Amino acid sequence: MSGYTPALKELIKRVEATRAARVEKARKGEHFPALTMEERQEWLRKYHPDYKKDGRRKLKVGPNKGLELPEEVARLLESKSRLDTKSIDLSRTDYTADLLVIGAGGAGTAAALAAQEAGLKVIVSTKLRHGDSNTVMAEGGIQGATQEGDSPYFHYLDVIGGGHFSNQPGLVAALTNDAPLIIHWLEGLGMMFDKLPDGRMKVRHGGGTCRKRMHSSGDMTGAEIMRVLRDEARNRDNDIKVLEFSPAVEILLDEKGHAAGAVLYNLETKEYYNVRAKSVLIATGGFGRLHIQGFPTTNHYGATADGIVMAYRAGVKLQDIDSTQYHPTGAIYPEQNVGLLITEKVRGLGAQILNTDGEQFCFPLEPRDVESACVIRECLEAGKGVVTPTGRLGVWLDSPMIDLLHGEGTVRKELPAKYIQFKRYEIDISREPMLIYPTLHYQNGGILIDEWAETSIEGLFSAGEVAGGVHGRNRLMGNSLLDVLVFGRRAGLKASEYAKNHKMGGKATLSHVDDFNKEIDNAGIKDPGVSPILLPDYAPDHVRERQVG
Amino acid sequence: MADDKKHKTLTTGDRTIPPEGAKMIAIYIMGREYMVPETLTIMKAVEYAGYSYVRGCGCRGGICGACGTFYRYIGDYRLRSGLACQTVAEPNMVIMQLPFFPANRPGYDLDDFTGSPHEELRRLYPEVFKCVGCGTCTRTCPMDIDVMDYIALMKRGDLKGAALKSFDCVMCGLCASRCPAQITQFMAAQFVRRAYGKYILPKAGHLEKRVEEVKSGKYEKLLDGLMAMKQEDVKKLYVEREREPDLAEPGKWMPKETNNL
Ligand SMILES: Cc1cc2nc3c(=O)[nH]c(=O)nc-3n(C[C@H](O)[C@H](O)[C@H](O)COP(=O)(O)OP(=O)(O)OC[C@H]3O[C@@H](n4cnc5c(N)ncnc54)[C@H](O)[C@@H]3O)c2cc1C
Ligand code: SF4
Ligand code: SF4
Ligand code: FES
């Protein structure tokens, strides 16, 4: 439990041996050369898990039938509803609202606030507590072209280039155009941004950016955003009612096929509630807890892809859902920190990635998928990974360079949470490097939306990590916090317009769920699962064996 | 399931599969004994024992504050505290999580204070000024925040100090659960941080300007231009874009090409 093992300490000496020369070069602005566009493609094809054939198969049902997906996602989408639709009495209504928001992370809360400002009554269904989400975990920062030498034009180029030009251009334009408005909105809500004494925002580079536009709040940017938005939602609790531990399990449609509400499930009393609403927003976040291909994940406990399951059954198409972001720097040591995200800020501040010989093998700020591919290649093909005592493979992230480049104490000041998280296990990351390997981080694709977060179903909106198209097949750091707020607010505004021009629909139905269940039977899927799964199951085998009857 | 087996051999995600020969230790979850492998966090140990969390688990990464936990070692009078997802389970720990604690949180309007931020604090949280200085909160905080000190700074009207001192707060509520003066420290601190961010921290002038430009529709035109372009041309622009040097001073550096700013 105490710091690095003697064997690892021995290996760290190799990192130390090359450090002075590397720091010297970095001071002069000399970098390890970045890959060319052609090399990027080749590296990705050969080493990125998304491009591997095994562990993937074709989807047999629904609007994306035929698409090749990771087994875990395919199985989830081909599962039956957890609802016995016959036993739900849809004539009973437990709650009504103008807008029902499903998921109280950044996107859902931003939408609730925007809709409330436009005069709506909002109900928010959420699985855990308000704010227990991926948003609260974001550390590094949020992008926005707010400085004079930058503009949404260059931000657009970075986003679409980083996404290998597979993004929806309209969504990228909305994202980058609104970014300064979002940063300004947050400032007005009293968010504690990192600023210079005169109030100017401190900004940094992130992987794949041509301008420094990463805004931050220590290394708790997402937590600070979530705290502020949640606090503001609580100030408006006359109009925004939050139902915690009550996840949605199916969307309700009306006779015209428009969104009409949802069925919620109280995780504690095991009751189902019917919520009727004029408009519905799915903002349930990502799918990290599916542990695709067995990878550990950085995601929160509730990231189980419920939103895409519910929308898919209602007939909404998904985009790029076969694309998963592996964050290049997940901790692999000590065992207690496995999967834990080491923010890109560490590399933004100058820390380099090194193999077991203490040598650089890639530019440290490639787009994330490329960077991950580089690390996997170095470990699996070049055989220059470091092996941990529990048999995990990884490479070094040389954090001590940061203090050497920016002055003593920078690590503690700029990365306080990371510093504490390792200090707990007696590793001082301002003196010793970290061991890292790619970890399952982000759902690149998701529900197909337009610039106003509308789906193909009238009255049904989607925003945040659960939606697709904004980042294409690869997302750059700092654009997701931005995405969830831009499209969350846009969804809230559009939903208000919609709710004002529409009456509450007629009879609510779950017939789309029955139809989907039938489609599964007809496709001959044997032993389908049950979804949404709501929470992952981490019981060990010896417990499962006894959980009989 | 066949697939499960295949994946197990690769990695374990978050399910604990102890390495062969792992040492087992006894822990006591709400008084009941369980044997778990050593070096797990309390959270993973509790799951290893067979519990599945509904409450008391959120981020699993030490930042959401869902997993505040009290514990004692058998034979030790001292009451200790930590986050279940961050604290390593040790032999003879008697563990109780506190997933929820009622907090006092009066509503307020950030845009409409009745007086100065300090006066507003006094109006909303008069109990803060009754702190007896016992230090229990500071000893309890799993984030090692000097809670008593930020309360003292609030009393004195040093809202900047209190905002910065309380910044790492994950709002787990453990401090409030132990306060003899019945103060909900972390909610008062949340108010103070927002008041500081809004009224004391200087505003970003460049942001104000940029917002005007966005509202004028200037960038929509530039972006429409990009969207109308052939992908090949956008690719070229992407590859040729100029990179701001890492150590450039914010607001001072300007690119060579300024047409699209
Ligand atoms: C460790 C980490 C670090 C990151 N760092 C950055 C960063 O530095 N910059 C950046 O831009 N992005 C970052 N990201 C990505 C970013 O934080 C997320 O993509 C984004 O916050 C997602 O926001 P969201 O509102 O869409 O989803 P979330 O914030 O995950 O919120 C979804 C909410 O929906 C709830 N929910 C789920 N299912 C249901 C259901 N069935 N019914 C009701 N509620 C449900 C969940 O419990 C959760 O509260 C990071 C992500 C992680 C995990
Ligand atoms: S100040 Fe209180 S609520 Fe905040 S982290 Fe410490 S104990 Fe928890
Ligand atoms: S526990 Fe309460 S009374 Fe004691 S120092 Fe903290 S705030 Fe003051
Ligand atoms: S689960 Fe979020 S702090 Fe422990």
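Structure shown above.
Residues numbered from 1 in each chain as written. Chains lettered and ligands numbered in written order. Predicted model: local features only at pLDDT ≥ 70, side-chain atom pairs only at ≥ 80, totals over all residues. Heavy atoms only, no water.

Caption draft 1: Main features of the sheet that holds strand 4 (residues 80-83) of chain B. All names here are of chain B. Within the open sheet, the 5 strands sit side by side as 2-1-5-3-4. Their pairing is mixed. Edge positions in the open sheet fall to strand 2 (32-37) and strand 4, since each of these has one partner strand only. Sheet twist, expressed as the mean angle between neighbouring strand axes with direction ignored, is 35 degrees. Alignment of strand 1 (residues 24-29) against strand 5 (residues 93-97), held across 3 bridges, turns out to be parallel. Bridge pairing in strand 5 links Y28 to V94. (Pairing = 2+ DSSP bridges. Helix = DSSP H or I, 4+ residues; strand = E, 2+ residues; numbered from the N terminus. Axes fitted to C-alpha atoms, helices over the stretch in contact; angles between N-to-C directions.)

Caption draft 2: View of the site of ligand 1. Residues and elements named next belong to chain A. Around ligand 1, a shell composed of 40 residues is seen, among which D132, T135, E465, S480 and L481 lie nearest. Contact between ligand 1 and G141: a nitrogen atom at 2.9 Å from a main-chain N or O atom of the residue. R475 has a polar side-chain atom sitting 3.2 Å from a nitrogen atom of ligand 1. Coverage of ligand 1 by the protein amounts to 99% of the 1,000 Å² it exposes when considered alone. (Near = heavy atom within 4 Å. Polar contact = N/O pair within 3.5 Å; in protein donor to acceptor, adjacent residues only side chain to side chain. Areas by Shrake-Rupley, 256 points an atom, 1.4 Å probe, with all protein chains shown as cover.)

Caption draft 3: Focus on the packing of aromatic side chains. This structure, assessed with the given rule, holds 14 aromatic pairs over all chains. Where Y153(A) meets F154(A), the ring centres are 5.1 Å apart and the plane angle is 75 degrees; that geometry is what we call edge-to-face. The pair formed by Y153(A) and F154(A) is uniform in burial state, with each residue classed as buried. Taking 5.6 Å as the distance between ring centres and 40 degrees as the angle between the ring planes, the aromatic pair formed by F113(B) and F191(B) counts as tilted. Here F113(B), found in the loop between strand 5 and helix 3 (117-124), pairs with F191(B), found in helix 8 (residues 185-200); they are 78 residues apart in sequence, far enough to count as distant. Residues F113(B) and F191(B) agree in their burial class; the two are buried. Here the aromatic cluster, defined as three or more aromatic residues joined through ring pairs, consists of Y108(B), F113(B), F191(B) and Y199(B). Over the ring of Y442(A) we find R475(A), and its NZ or CZ is 4.0 Å from the ring centre. Directly above the ring of F129(B) sits R122(B), whose terminal nitrogen or CZ lies 4.2 Å from the centroid. (Phe/Tyr/Trp six-rings, centres within 6.5 Å; stacked < 30°, edge-to-face > 60°. Buried < 20%, exposed > 50% of the residue type's maximum accessible area, 1.4 Å probe, protein only. Lys NZ or Arg CZ within 6 Å of the ring centre and 35° of its normal.)

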